[in-house]
Amino acid sequence: MSARYTFTLESQERRRPLPRKILIAQNETETIAHVVLKLLAFLLFARERLQIEPRLHNDNIRFVPDLVQLDYELRPSLWVECGECSIAKLDKLAVKAPEAEIWIVRRSPSEAEHLRRAMEKQELRRNRYGIVGLDPTFFEEICTHIQERNEVTWMAGEFDPPTMQFDFNGLWFDTPFTVLRH
C-alpha cells in the first residue's frame with residue numbers, strides 16, 4: 001500500500017534553514033520505518049538543494065537516492081541512503097559519484113556497526129562513507145506517532161557530539177545518535 005506523508009517544518013536553528021513543507025511518499029515496498037528514516041535524514045543533513053528521491057538524469061548513475069544534493073553541474077555532492085542498502089550498491093556509488101559525501105542512516109547503532117563491519121569485510125574504499133545509527137527506542141517512538149500530516153520544529157542538531165533536538169507532533173525529543181566512518 002502506498003501513502004503520502006506531509007511534514008510542516010520550522011527551524012529554530014539559523015544555520016539550518018528548512019523548507020516550509022516536505023512530502024515523503026511511501027512506496028508499496030516501503031515501511032513506515034523507511035519514511036521516518038528519510039525524514040530524520042532530511043532534518044540531519046538539511047542544506048540548500050537537498051532533494052528526496054529525485055530521478056537523476058545521469059546515464060552513469062542508475063540508482064535513485066533517498067536524499068541527494070546536486071552541485072551546480074548536477075553531480076551529486078551529497079548522497080544519503082536510508083535503511084537497508086547493499087554493499088555492492090555502496091561500492092558502485094563511491095565510483096559513480098566520486099565527489100559526493102556518502103552517508104547511510106540506520107535504525108540503531110548495532111545496525112550501523114553491522115554495516116561498517118560488512119563494508120570492511122568487503123574491502124570498500126576507506127574514508128568514503130559515514131554511517132548514522134539512531135537510538136532504537138527514540139526511532140520506534142517516532143514511528144508510532146507518525147500521521148498523514150505532521151508538524152516538526154527543529155531546535156538543534158550536531159554531529160560533534162552527535163545529538164538532535166526537535167518537537168514532533170507535540171512530543172519533545174532530545175536524543176543522541178552514533179556516527180561511524182569507513
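Structure: see above.
Because the structure is a prediction, the values reported are computed rather than measured.

### Thoughts on the overall build of the protein chain
A tally of helices and strands in the protein chain yields four helices and 10 strands. Taken along the three principal axes of its C-alpha coordinates, the protein chain extends 45 × 35 × 35 Å. Looking at the 182 residues of the protein chain, the share that counts as buried comes to 48%. In the protein chain, of all internal contacts separated by at least 6 residues, the share reaching a separation of at least 24 is 56%. Entry remark: accessible area of the protein chain is about 9,900 Å², with carbon and sulfur atoms responsible for 47%. Between the averaged position of the 25 positive side-chain charges in the protein chain and that of its 28 negative side-chain charges there is a distance of 5 Å.

### A look at the pairing of strand β7 (residues 129-134)
Within a regular beta strand, the side chains point alternately toward one face of the sheet and then the other, so they alternate between its two faces. By the criterion of burial, β7 is predominantly enclosed, with six of the six residues buried. Neither face of β7 is exposed, since Y129, I131 and G133 on one face and G130, V132 and L134 on the opposite face are all buried. Relative to β7, strand β6 (residues 101-106) is paired through five bridges, and the arrangement is parallel. Across the sheet, residue R106 finds its bridge partner in β7, namely G133. With respect to chirality, the unit in which β6 leads through helix α3 (residues 109-121) into the neighbouring parallel β7 is right-handed. Bridge analysis of β7 against strand β10 (residues 171-181) gives five bridges, and the strand direction is antiparallel. In the strand pairing of β10, I131 is matched with L180.

### Concerning α3
Its 13 residues give α3 an end-to-end C-alpha distance of 18 Å, which sits within 8% of 18 Å, the value for a rise of 1.5 Å per residue. Among the residues making up α3, those that are buried are A112, L115, R116 and M119. Down the axis of α3, the sector holding all buried residues measures 100°, keeping them to one side. Pointing more than 90 degrees away from the buried face of α3 are the exposed residues S110, H114 and K121. Buried positions along α3 lie against α2 (87-96), β6, β7 and β10. One or two positions beyond α3, positive phi appears at E123, with a value near 60°.

### As for the nonpolar core
Grouped together as the largest cluster of nonpolar side chains are 40 residues, with contacts concentrated most on F7, F45, V80, L134, F166 and F168. If one sorts the elements of this core by residue count, helix α1 (residues 32-44) sits on top with 10 residues. Setting aside residues up to four positions removed in sequence, V80 forms contacts with A41, F45, P65, D66, L67, W103 and V105. Core analysis: the next-biggest nonpolar cluster, separate from the first, contains 21 residues, C85, A97, L115 and Y129 among them.

Conventions and cut-offs
Residues numbered from 1 in each chain as written. Predicted model: local features only at pLDDT ≥ 70, side-chain atom pairs only at ≥ 80, totals over all residues. Heavy atoms only, no water. Helix = DSSP H or I, 4+ residues; strand = E, 2+ residues; numbered from the N terminus. Buried < 20%, exposed > 50% of the residue type's maximum accessible area, 1.4 Å probe, protein only. Contact = heavy atoms within 4.5 Å. Areas by Shrake-Rupley, 256 points an atom, 1.4 Å probe, with all protein chains shown as cover. Lys, Arg positive; Asp, Glu negative; His and termini not counted. Charge placed at Lys NZ, Arg CZ, Asp CG, Glu CD. Pairing = 2+ DSSP bridges. Right-handed = clockwise from strand over helix to strand, strands pointing away. Expected span 1.5 Å × (residues − 1). Arc of directions from axis to C-beta. Core = buried A, V, L, I, M, F, W, Y, C linked by side-chain atoms within 4.5 Å.

In short, geometric facts, not functional conclusions.
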